[in-house]
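A closer look at the structure
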Amino acid sequence: MRTPMVMILGLICAPVGYVLILTCTVAPNWRDVTEIPTGSLDEVHHQGLWEICRDLQSVRELSCGQQDDVYFNYQVISIARGLSIASLVVSAAGILLAAWGVRCWTETPSPPIAGAGGVILVIGGALILIAVSWYTDRLNQIPNTVAGARLTVGYAVILGFVGGCLIVIGGISLMFSFGKLRSRKSSAFENYYPKRAAKPANRYPTGISNPIAVVDVPPSERTTTTPWDDDL
């Protein structure tokens, strides 16, 4: 039995999305702070969930580990950390469960297990989407201790949005496996895909192995000869 397309799509989207949300979680680039009054014109502060990096673009100097307790103690940062970690754990569990249900190494996948993995993936993708959405909504309210005049969204937030959407799409695709389970239980599926192959020999009387032998061909009453037989 071929692996259904919905399962293949789910197993492609979910791992790709997981790599993106992993990068989003660890990258120090959720918010970029520029136009800092006390700094140079090319100074940019990249702020993430775990650390802050100071970037001097003219000399290409990047120094991470900047201290900012006011920023890290803000409620949105703490909640975003928890949601991101929870999303990674839940999504990993969903991918493992979905892979176990699809079972590409066997002929028959398990739709219930694959569908359950899809449900877990949807939850995992929703968690990271909540985190990046809430951070983006409070972008200007999050403490800005360096007093930068310009606050912009970093690439990590974009990766989180894309990765979360891919995981949700993959989870929804895997949830269509429940439909495969329903079709398997239907009478039409049982009639079209019998568990045992039909044996043609059972259609004929016992003891007859060659079906041609049971065909009655009425003998012709007279033998017709071809015109050229008289010349022989």
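Refer to the preceding data block for the structure.
Residues numbered from 1 in each chain as written. Predicted model: local features only at pLDDT ≥ 70, side-chain atom pairs only at ≥ 80, totals over all residues. Heavy atoms only, no water.

To continue, consider the side chain of Glu43. Along the polypeptide, Glu43 turns up in strand β2 (residues 43-47). Of the residues examined, Glu43 reaches a relative accessible area of 7% and is grouped as buried. Side chain to side chain, Glu43 and His45 meet in a polar contact 2.8 Å long. Among the polar contacts listed, one links the side chain of Glu43 to the side chain of Arg54, at a separation of 2.9 Å. What Glu43 contacts, discounting residues up to four positions off in sequence, is Val33, Thr34, Ile36, Arg54, Asp55 and Leu56. (Helix = DSSP H or I, 4+ residues; strand = E, 2+ residues; numbered from the N terminus. Buried < 20%, exposed > 50% of the residue type's maximum accessible area, 1.4 Å probe, protein only. Polar contact = N/O pair within 3.5 Å; in protein donor to acceptor, adjacent residues only side chain to side chain. Contact = heavy atoms within 4.5 Å.)

Here we come to the packing of aromatic side chains. Under the defined criterion, the tally for this structure stands at two aromatic pairs. On the basis of an interplanar angle of 70 degrees and a centroid distance of 5.1 Å, the ring pair of Trp30 and Tyr135 is categorised as edge-to-face. Of the two residues, Trp30 sits in the loop between α1 (5-26) and β1 (31-34) while Tyr135 sits in helix α4 (residues 111-137), which places them 105 residues apart along the sequence. Judged by its relative accessible area of 0%, Trp30 is buried. Here Tyr71 and Phe72 contribute two aromatic rings whose centre-to-centre distance is 5.2 Å and whose plane-to-plane angle is 75 degrees, an arrangement assigned as edge-to-face. Each of the two residues, Tyr71 as well as Phe72, counts as buried. (Phe/Tyr/Trp six-rings, centres within 6.5 Å; stacked < 30°, edge-to-face > 60°.)

Moving on: the sheet that holds strand β4 (residues 61-64). Pairing in this open sheet of five strands is antiparallel, and the strands run β4-β3-β2-β1-β5 from one edge to the other. Across the chains shown, the open sheet's two edge strands, defined by having one partner strand only, are β4 and β5 (150-153). Strand after strand, the sheet turns through a mean of 20 degrees between neighbouring axes, direction not considered. Note: strand β3 (residues 52-56) against β4, four bridges, orientation antiparallel. Directly across from Asp55, in β4, lies its bridge partner Leu62. (Pairing = 2+ DSSP bridges. Axes fitted to C-alpha atoms, helices over the stretch in contact; angles between N-to-C directions.)

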